[in-house]
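# Commentary on secondary and tertiary structure
Letter by letter, the chains look like this.
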Amino acid sequence: MVSRRKFIGTAAAGFAGVTLVPSNVIAGLGHKPPSDKLNIAGIGVGGMGYTNLLHMETENIVALCDVDSEYAGRNAFRRWYSAKKYTDYRVMLEEQKDIDAVMIATPDHSHALPALIAMRQGIHVYLQKPLTHSVYESRIMTETAQRYGVATQMGNQGNSADGIRQICEWIWAGTIGEVTHVDTWTNRPIWPQGLSRPDKGKRVPKELDWDLFIGPAQFREYNPIYHPWNWRGWWDFGTGALGDMGCHILDPVFKALNLQYPDTVEASSTPFNNDSAPNSEAIHYAFPRRDNLPKVAMPEVTVSWYDGGFMPQRPDELKDGEQMGDDSGGCIFYGTRGKIMCGTYGANPTLLPTSEMAHFEQPKMSIRRISKAMEGGHEQDWIRACKENKETRVEASSNFNYAGPLNEMVVMGVLAVRLQSLQRKLQWDGPNMRFSNISDSDKLRILSKNDFEVVNGDPRFNKEYVTLPAKVTAEEWIRHTYRKGWEQI
């Protein structure tokens, strides 16, 4: 298992000032000098994957894989018409031997398997956020990337931007003292959630391989409510608003505060069921003290997350009418000597009150900057890492050594939402990936039906619940049992 202390030290070192490797050094795969172009394959290229590949066009796009030829055909299949086309990534990775690197932007539940197969073949991986669908998958991804020495990057592009680096430099310099609490929030979900599973399936479009879309998840009949794009709100395929935006908004919190495993987590939300995520959530993490930095201590800290319209309390330092964060969300760090606020992706950090910025002398820059991070620099920094020798490589900043533990925090919060009927502050045993205060006798009570109608002028509510063994169910959500025929990890 990856040591958390080792991971933090590695991540900090990766953020330090760097010297790029000379162009005559052999590349990560050992057969291509960095001056040459990588051969990149795309898996899941109909949505965000298309944008990622546009930012990788400095290289050769040699293969494209998507379960929906119509969705992928709108842009990606047309733009890179000479690339070989596939429906099943397993076939692509087995048959096409010229692939150096792969970009993966499938639904959450299909992140881990193609990435693991690729890394085991020595192929570099760029993987959209959230890194994985489960805690266990995150842990295995981190270990596999280390074992095979490939260059990796999660698609949380704000991690390469200036904002997160400024926040780290300010906090590490002791600008606001010791941080004891952080509030974070997002405007998501902006897709439907809190839905009941359709009773009947629909005819599968001829352009869609539905069985491959389902992949390792438990089979269900096709319905356009799942695909394309709407899969985020369904537990079997996505991780709701927290999974979608947590790796962006919690990123500066995790990085700047050197967070490790939380001690506890608790959650509340609007109604949800065993199929679909709630429309609004509030999640509260408690982290233990970490090793002090030269200029600031790292005491116990609580981190709160809000989505779907739930918001933290507005700080007194904000003037009437002054926006908290930005339109999509943000975070506020509460220190013993001040506050820092930023928007989504750690963008536009500012001291509070904002008038403090007029006379703020920023600390000396200590973390390398990446040009145009939000317009392709994040992808290009990964490409740069792919071309460097693995022995001397400067890893991309959201490589899996960092992104894996960050993602564990995110998807563990998802679990807290689903386990909230236990009505307790859940105690998390990070090294062993388990909740230590769930017993064999505990039961979950989860809404299975929530109907409302008016009969003869009177309201009629019809709520039904399913009861599940809490410990076994939590273990399954931490480490999924994949559908028969799909590789277990």
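Residues numbered from 1 in each chain as written. Predicted model: local features only at pLDDT ≥ 70, side-chain atom pairs only at ≥ 80, totals over all residues. Heavy atoms only, no water.

Another aspect to go through is the packing of helix α6 (residues 112-120) against helix α7 (residues 135-148). Viewed as axis vectors pointing N to C, α6 and α7 meet at an angle of 15°, and their least axial separation amounts to 9 Å. Between α6 and α7, the interaxial angle falls into the category roughly parallel. At the point where α6 passes α7, the crossing takes the left-handed sense. Every residue of α7 that contacts α6 at Ala 112, Ala 115, Leu 116, Met 119 and Arg 120 is listed here: Glu 137, Ile 140, Met 141, Thr 144, Ala 145 and Tyr 148. (Axes fitted to C-alpha atoms, helices over the stretch in contact; angles between N-to-C directions. Helix = DSSP H or I, 4+ residues; strand = E, 2+ residues; numbered from the N terminus. Parallel < 35°, antiparallel > 145°, perpendicular 65-115°, else oblique. Left-handed = near helix turned anticlockwise from the far one by under 90°. Contact = heavy atoms within 4.5 Å.)

Let us look at unusual backbone geometry. Here the bond from Arg 188 into Pro 189 is cis, since omega is 5°, no more than 30 degrees from zero. Residue placement: Pro 189 occurs in the loop between β7 (179-186) and α9 (210-214). The linkage connecting His 227 with the following residue, Pro 228, adopts the cis geometry, with an omega of 0°. Inspection of the secondary structure assignment puts Pro 228 in the loop between α9 and α10 (240-249).

If you look at the biggest cluster of nonpolar residues, it comprises 110 residues, and the most contacted ones within it are Leu 257, Phe 333, Leu 419 and Phe 435. Apart from the residues lying within four places of it in its own chain, the contact partners of Leu 419 are Leu 426, Phe 435, Ile 438, Leu 444, Ala 474 and Trp 477. The next biggest cluster of nonpolar side chains, apart from the first, holds 22 residues, and it includes Leu 38, Tyr 50, Ala 151 and Trp 382. (Core = buried A, V, L, I, M, F, W, Y, C linked by side-chain atoms within 4.5 Å. Buried < 20%, exposed > 50% of the residue type's maximum accessible area, 1.4 Å probe, protein only.)

Throughout the structure, instances matching the rule amount to 16 aromatic pairs. Seen from their ring centres, Phe 254 and Tyr 402 are 5.8 Å apart, and the 70° between their planes marks the pair as edge-to-face. Residue Phe 254 is located in helix α11 (residues 251-256), and its partner Tyr 402 is located in helix α13 (residues 400-418); the two are separated by 148 residues in the primary sequence. Each member of the pair, Phe 254 as well as Tyr 402, carries the same accessibility label: buried. The structure contains a cluster of three or more aromatic residues connected by ring pairs, namely Trp 210, Phe 213, Tyr 222, Tyr 226, Trp 234 and Phe 237. Note that Arg 445 overlies the ring of Tyr 465, its terminal NZ or CZ placed 3.7 Å from the centroid. Directly above the ring of Tyr 136 sits Arg 479, whose terminal nitrogen or CZ lies 4.0 Å from the centroid. (Phe/Tyr/Trp six-rings, centres within 6.5 Å; stacked < 30°, edge-to-face > 60°. Lys NZ or Arg CZ within 6 Å of the ring centre and 35° of its normal.)

Before going further, it helps to spend a moment on the pattern of salt bridges. Summed over all chains, the structure comprises 27 salt bridges. With its nearest N and O atoms 2.6 Å apart, the salt bridge here joins Glu 408 to Arg 139. Placement of the pair is Glu 408 in helix α13 and Arg 139 in helix α7, with a sequence separation of 269 residues. You'll find Glu 408 and Arg 139 in the same group, each marked buried. Several salt bridges converge on common partners, so that one network encompasses Asp 108, Lys 129, Arg 188, Arg 232 and Asp 244. (Salt bridge = Lys/Arg side-chain N within 4 Å of Asp/Glu carboxyl O.)

So, about the pairing of strand β4 (residues 101-104). Alternating residues of β4 divide into Ala 101 and Met 103 and Val 102 and Ile 104, and every residue in both groups is buried. The sheet contact formed by strand β1 (residues 39-43) and β4 spans four bridges and is parallel. Paired with Gly 42 across the strands is Met 103, a residue of β4. Pairing analysis gives four bridges linking β4 to strand β5 (residues 124-127), with the strands arranged parallel. The partner of Ile 104 across the bridge, within β5, is Leu 127. You can see the chain leave β4, run along α6 and come back into β5, and the turn it takes is right-handed. (Pairing = 2+ DSSP bridges. Right-handed = clockwise from strand over helix to strand, strands pointing away.)

Taken N-terminus to C-terminus, the directions of α7 and α13 make an angle of 175°; their axes are 8 Å apart at the nearest point. Between α7 and α13, the angle falls in the class roughly antiparallel. Contacts between α7 and α13 involve Val 135, Ser 138, Arg 139, Met 141, Thr 142, Ala 145 and Gln 146 on the former and, on the latter, Phe 400, Asn 401, Gly 404, Pro 405, Asn 407, Glu 408, Val 411, Met 412 and Leu 415. Residues belonging to the contact of α7 with α13 are distributed by class as follows: eight nonpolar, six polar and two charged. (Nonpolar A, V, L, I, M, F, W, Y, C, P; charged D, E, K, R; others polar.)

Moving on: α13. Between its first and last C-alpha, α13 extends 26 Å over 19 residues, near the 27 Å set by a 1.5 Å rise per residue. Of all the 19 residues making up α13, 19 are buried; the element is thus mostly covered by neighbouring parts of the structure. With a side-chain oxygen positioned 2.9 Å from the backbone nitrogen of Asn 401, the residue opening α13 is Asn 399. (Expected span 1.5 Å × (residues − 1). Polar contact = N/O pair within 3.5 Å; in protein donor to acceptor, adjacent residues only side chain to side chain.)

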